[in-house]
Amino acid sequence: DTGVSQDPRHKITKRGQNVTFRCDPISEHNRLYWYRQTLGQGPEFLTYFQNEAQLEKSRLLSDRFSAERPKGSFSTLEIQRTEQGDSAMYLCASSFRGNEQFFGPGTRLTVL
Amino acid sequence: QKEVEQDPGPLSVPEGAIVSLNCTYSNSAFQYFMWYRQYSRKGPELLMYTYSSGNKEDGRFTAQVDKSSKYISLFIRDSQPSDSATYLCATKGTNAGKSTFGDGTTLTVKP
């Protein structure tokens, strides 16, 4: 399968713990995006990369959130000191030169 | 007020019906318009991607954009039970990286 992949698919953690998610984009897609989606809402933009450069960050992305895309390939999203309000589906998408964005299956985070 | 507004539904139709899904947006800088289908607990799947005003057809799906009224639509012909899902509209500007989404309309097609 050459689509966007995300790992893990589901993460359960206790409040205060750190978690890290990984996204592997479609091969040769130079742009990679992170979104967050809660029940009954559409995806909300968090940040995006063009190659390894992080070009935009939403104000939703607090200091506890950090994203990286070393070498312009896969990306990681880390949440430090998780809170119950962080419980959501974290979606990754990729595109070639800013055109159609293709989404992965998401990582569902549950913070207890 | 959200930049992209979408009637949440739910919308229930019999199999074979024509379905009309609609969104409005407020930012005139939006140039690209997308429709995604999302099944429960899955990632969104891109259905249609259009630029500026006009119509685009792909099989049973037709996307329509009216920039003068900031109104976008998706029509599904001969709807099938497998079309039952949440449909998300999304927009983005010419140079923007991010897409801005509506909150989705839940559709059920009954056999």
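Here, the structure is the one placed above.
Residues numbered from 1 in each chain as written. Chains lettered and ligands numbered in written order. Predicted model: local features only at pLDDT ≥ 70, side-chain atom pairs only at ≥ 80, totals over all residues. Heavy atoms only, no water.

Colleague: Describe in detail the overall build of chain B, supporting the description with residues and values.
Modeller: The secondary structure content of chain B amounts to 0 helices and 11 strands. The secondary structure elements of chain B, listed N-terminal to C-terminal, are β-β-β-β-β-β-β-β-β-β-β. Taking 111 residues into account, the globule formula puts the C-alpha radius of gyration at 13 Å, and chain B, at 13 Å, falls close to it. Taking all 111 residues of chain B together, the buried fraction comes to 45%. (Helix = DSSP H or I, 4+ residues; strand = E, 2+ residues; numbered from the N terminus. Rg over C-alpha atoms; globule rule 2.2 N^0.38 Å. Buried < 20%, exposed > 50% of the residue type's maximum accessible area, 1.4 Å probe, protein only.)

Colleague: Break down the overall build of chain A for me, with residues and values.
Modeller: When its secondary structure is counted, chain A shows 0 helices and 11 strands. The N-to-C order of helical and strand elements in chain A reads β-β-β-β-β-β-β-β-β-β-β. Here the C-alpha atoms of chain A give a radius of gyration of 13 Å, agreeing with the 13 Å that 2.2 N^0.38 yields for 112 residues. Counting only C-alpha atoms and orienting by the principal axes, one finds that chain A spans roughly 40 × 25 × 25 Å. The burial tally for chain A puts 46% of its 112 residues in the buried class. The contacts in chain A between residues at least 6 apart in sequence include a share of 53% that link residues at least 24 apart. If you sum the accessible surface of chain A, you get close to 5900 Å²; carbon and sulfur atoms cover 43% of it. For chain A, the centre of its 15 positive side-chain charges and the centre of its 13 negative side-chain charges are spaced 5 Å apart. (Contact = heavy atoms within 4.5 Å. Areas by Shrake-Rupley, 256 points an atom, 1.4 Å probe, with all protein chains shown as cover. Lys, Arg positive; Asp, Glu negative; His and termini not counted. Charge placed at Lys NZ, Arg CZ, Asp CG, Glu CD.)

Colleague: Which residues make up the sheet that holds strand E7 (residues 65-68) of chain A, and what values do they have?
Modeller: Residues and elements named next belong to chain A. Taken together, the 4 strands give an open sheet; going across it, the order is E1-E3-E8-E7, and neighbouring strands pair in antiparallel fashion. Among the strands making up the open sheet, the edge pair consists of strand E1 (5-7) and E7. Each neighbouring strand pair of the sheet contributes to a mean axis angle of 15°, computed without reference to strand direction. Direction of pairing for E1 relative to strand E3 (residues 19-24): antiparallel, over a ladder of 3 bridges. In the strand pairing of E3, Gln6 is matched with Cys23. (Pairing = 2+ DSSP bridges. Axes fitted to C-alpha atoms, helices over the stretch in contact; angles between N-to-C directions.)

Colleague: How would you summarise the sheet that holds strand E1 (residues 4-6) of chain B if you had to cite specific residues and measurements?
Modeller: Residues and elements named next belong to chain B. Ordered by their spatial adjacency, 5 strands build an open sheet running E1-E3-E8-E7-E6, and the pairing between neighbours is antiparallel. Edge positions in the sheet fall to E1 and strand E6 (54-58), since each of these pairs with one other strand and no more. In this sheet, adjacent strand axes meet at a mean angle of 15° when their direction is disregarded.

Colleague: Now, about the side chain of Gln6 of chain A: what can you tell me, with residues and values included?
Modeller: Residues and elements named next belong to chain A. Among the structural elements, Gln6 can be located in strand E1. Here Tyr90 takes part through its backbone oxygen, which lies 3.0 Å from a polar atom of the side chain of Gln6. Within the structure, Gln6 has its side chain in polar contact with the backbone nitrogen of Cys92 (distance 3.1 Å). (Polar contact = N/O pair within 3.5 Å; in protein donor to acceptor, adjacent residues only side chain to side chain.)

Colleague: How would you sum up the pattern of salt bridges? Please name residues and give values.
Modeller: Summed over the entire model, instances satisfying the criterion amount to 8 salt bridges over all chains. Arg64 of chain A serves as the salt-bridge partner of Glu83 of chain A, at 3.4 Å between the closest nitrogen and oxygen. With a gap of 19 residues between them, Glu83 of chain A in the loop between strand E8 (75-79) and strand E9 (88-95) and Arg64 of chain A in the loop between strand E6 (53-57) and E7 connect regions that are remote in the sequence. Measuring nitrogen to oxygen at the nearest pair gives 3.1 Å for the salt bridge that ties Arg37 of chain B to Glu45 of chain B. (Salt bridge = Lys/Arg side-chain N within 4 Å of Asp/Glu carboxyl O.)

Colleague: Talk me through the side chain of Arg37 of chain B; I want residue IDs and the actual numbers.
Modeller: Residues and elements named next belong to chain B. Mapped onto the fold, Arg37 is located in strand E4 (residues 30-38). A relative accessible area of 11% means that Arg37 is categorised as buried. One polar contact links Arg37 to Tyr39, side chain to side chain, over a distance of 3.4 Å. Ignoring sequence-local partners within four residues, the contact set of Arg37 consists of Gly43, Pro44, Glu45, Leu47, Phe61, Asp83, Ala85, Thr86 and Tyr87.

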